[in-house]
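Residues per chain are reported as follows:
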Amino acid sequence: MIAILQRVSQASVRVDDEVIGQIGAGLLVLLCAEKGDTDAVADKMLAKMLKLRIFSDDAGKMNRSVQDVGCGLLVVSQFTLAADVAGGNRPSFTQAAAPDEGRRLYDHFVTQARAQHPVVQTGRFAADMQVSLINDGPITIPMRMNA
């Protein structure tokens, strides 16, 4: 499973010109399930993400997690994170999970996130989405979890 975490002061996602998810301060999570990923991999990634200390403490050091500060998560599916550009000029997405499995793992991740964190918003799986954000820092963290 691959994720890109962006610490944001605000973020939103639109589908057909309608805002379907938005947060103030928090983490924009771009999430991609890969072939072979399991619920356990998704759970491991979520646990790490919720505890990752990338928010500033009173001294200005990155020493607090999204749970410590109580801000939001905006989780957006993005299969293109699995792109392989080694073979030519057109990316290959063969390592991305099949759409049905990708949706199942995305839904599992979101369900678990909502059970463990008070503010969780989402995009819409497989939709053409427009994502807006103000990256705070900027802080952008790539994550990859395997079984």
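Residues numbered from 1 in each chain as written. Predicted model: local features only at pLDDT ≥ 70, side-chain atom pairs only at ≥ 80, totals over all residues. Heavy atoms only, no water.

**A look at the pattern of salt bridges**
Here's step 1: Per the stated rule, a full pass over the model turns up four salt bridges.
Here's step 2: Between R144 and E34 there is a salt bridge, with its nearest N and O atoms 2.7 Å apart. Residue R144 is found in strand β8 (residues 130-144), and its partner E34 is found in the loop between β3 (26-32) and α1 (39-51); the two are separated by 110 residues along the sequence.
Here's step 3: Classification of E34 by relative accessible area gives buried; the value is 9%.
Here's step 4: When the shortest N-O distance is used, the salt bridge between D39 and R104 registers 2.7 Å. (Salt bridge = Lys/Arg side-chain N within 4 Å of Asp/Glu carboxyl O. Helix = DSSP H or I, 4+ residues; strand = E, 2+ residues; numbered from the N terminus. Buried < 20%, exposed > 50% of the residue type's maximum accessible area, 1.4 Å probe, protein only.)

**As for the layout of surface pockets**
Here's step 1: The volume enclosed by the largest pocket comes to roughly 440 Å³.
Here's step 2: Along the wall of the largest pocket there are 24 residues; nearest its centre are S77, Q78, F79, T80 and A126.
Here's step 3: Looking at the lining of the largest pocket residue by residue, the class counts come to 20 nonpolar, four polar and no charged. (1 Å grid on protein atoms, 1.4 Å probe; cavity = no way out; pocket = protein on both sides within 12 Å on 5 of 7 lines; lining within 4 Å. Points joined across faces, edges and corners; volume = space filled by probe spheres on them. Nonpolar A, V, L, I, M, F, W, Y, C, P; charged D, E, K, R; others polar.)

**Points about helix α3 (residues 99-116)**
Here's step 1: Over its 18 residues, α3 extends 26 Å from the first C-alpha to the last, a length consistent with the 26 Å expected when each residue adds 1.5 Å.
Here's step 2: The inward-facing, buried residues of α3 abut β3, α1, β6 (72-77) and β7 (120-122). (Expected span 1.5 Å × (residues − 1). Contact = heavy atoms within 4.5 Å.)

**Looking at α1**
Here's step 1: Along its 13 residues, α1 runs 19 Å from first to last C-alpha, staying within 8% of the 18 Å computed at 1.5 Å per residue.
Here's step 2: Restricting attention to buried positions, one finds in α1 the residues V41, A42, M45, L46, M49 and L50. The buried residues of α1 occupy one face: seen down the axis, they fall within an arc of 160°. Along α1, the residues that are exposed and aim more than 90 degrees away from the buried face are A40 and K51.
Here's step 3: The inward-facing, buried residues of α1 abut β1 (2-15), β3, α2 (66-69), β6, α3 and β8. (Arc of directions from axis to C-beta.)

**So, the environment of D107**
Here's step 1: Of note, D107 is situated in helix α3.
Here's step 2: Here the alpha-carbon distance between D107 and D84, two residues 23 residues apart in the chain, equals 24 Å.

Note that every value here comes from positions in space, so none of it alone points to a role or purpose.
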